[in-house]
Amino acid sequence: MCQTEKWKQSSIRIAGIVRESIVDGPGIRFTVFCQGCPHGCKGCHNPETHDFKGGYDCSIEKLLHEIDKDPLLSGVTFSGGEPMCQPEAFLTLAREIKKRELNIVIFTGYTLEELQSMADENPSIGELLLFTDYLIDGRFVREERDLTLQFRGSGNQRYIDMNLTREAGHIVSAQ
Ligand code: SF4
C-alpha cells in the first residue's frame, strides 16, 4: 500500500534522476526514479527504491529547471519505485512537461486496469493517465523474465501506446 503524503504537490520523493537515458522509453529521456514502492516484486532491480521513508524530497521546480537545460530530450520518464503512489506530485510535473511539448512515459507496477479502478477514488491518477503517452505496466515477475523485451523486464508487462489506446477504446501495444 502506498504510504506517501497524499496531497503533496510541490515536491516528489525521489531516489534519483538520470539526465539522458536511452533505455527508459523512446528517444533521449530525462528519467525521474521516485522513492517508495508497495509491490515487493521478487528479483526487483531497484530494491533501494522500496522504502517510503528513503530517498529525498526534490522540488518540481528543480526537476523542471534540469529538464529545461537539455534541448535533446524527447520526453520525461516517471519510474521507480512506484510513481502512482505520488500521483498528485507527478500530475503537477506532467502538466508542466506537456506545456514543453515533451512526451511522458510511466513505468508502474500496477496494471492499467488496476489504475483505472484506483482513479475512481483518486482523480489525480485518472488525469495523470490522460497525460501519459506510453505506459509500461504490471509487476516484475521473475519467472517470466525476458531480456529481449523492449523497455520491459518480464513477459507479463505491457508497453502500451496510451494515445492509440484512448483513440481505439482498447489496449494498443506500442512498437
Ligand atoms: S514495481 Fe518495480 S520497483 Fe516496485 S518492486 Fe516491482 S519491479 Fe521493483
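Computed from a predicted structure; not experimentally measured.

> Please clarify how unusual backbone geometry should be interpreted in this entry.
Comment: phi is negative for the bulk of residues other than glycine, and the bulk of peptide bonds are trans. Between glycine 80 and glycine 81 the backbone carries a cis peptide bond, its omega angle lying at 0°. Phi is positive for glutamate 101, close to 60°, though the residue is something other than glycine. Locating glutamate 101 in the fold gives a position in the loop between α2 (87–99) and β5 (103–107). The backbone of phenylalanine 151 shows a phi angle near 65°, a positive value even though the residue is not glycine.

> Just checking my understanding: could you explain the nonpolar core for this structure?
Generally speaking, soluble globular proteins have nonpolar side chains that are buried together. Membership of the largest hydrophobic core comes to 34 residues, with the highest contact counts inside it found for Ile12, Phe78 and Leu93. Those elements that provide at least two residues to this core are β1 (11–21), β2 (29–34), α1 (60–68), β4 (75–79), α2, β5, α3 (112–118) and α4 (123–130). When residues in this core are grouped by element, the largest group, five residues, is from α2. One finds Val105, Phe107, Tyr134 and Tyr159 within the second-largest nonpolar core, a separate group that totals seven residues.

> What should I look at first to understand the pattern of salt bridges in this one?
Side chains carrying opposite charge are able to pair once their charged atoms draw close together. One pass over the full model with this rule turns up eleven salt bridges. One salt bridge in this structure joins lysine 98 and aspartate 133, with 2.6 Å as the shortest N-O distance. With lysine 98 in helix α2 and aspartate 133 in the loop between α4 and β6 (134–137), the pair connects residues that are 35 residues apart, well separated along the chain. Residue classification places aspartate 133 among the buried residues on the basis of a relative accessible area of 10%. Through salt bridges with shared partners, a single network forms among Asp68, Glu96, Lys99 and Arg100.

Calculation criteria
Residues numbered from 1 in each chain as written. Predicted model: local features only at pLDDT ≥ 70, side-chain atom pairs only at ≥ 80, totals over all residues. Heavy atoms only, no water. Helix = DSSP H or I, 4+ residues; strand = E, 2+ residues; numbered from the N terminus. Core = buried A, V, L, I, M, F, W, Y, C linked by side-chain atoms within 4.5 Å. Buried < 20%, exposed > 50% of the residue type's maximum accessible area, 1.4 Å probe, protein only. Salt bridge = Lys/Arg side-chain N within 4 Å of Asp/Glu carboxyl O.

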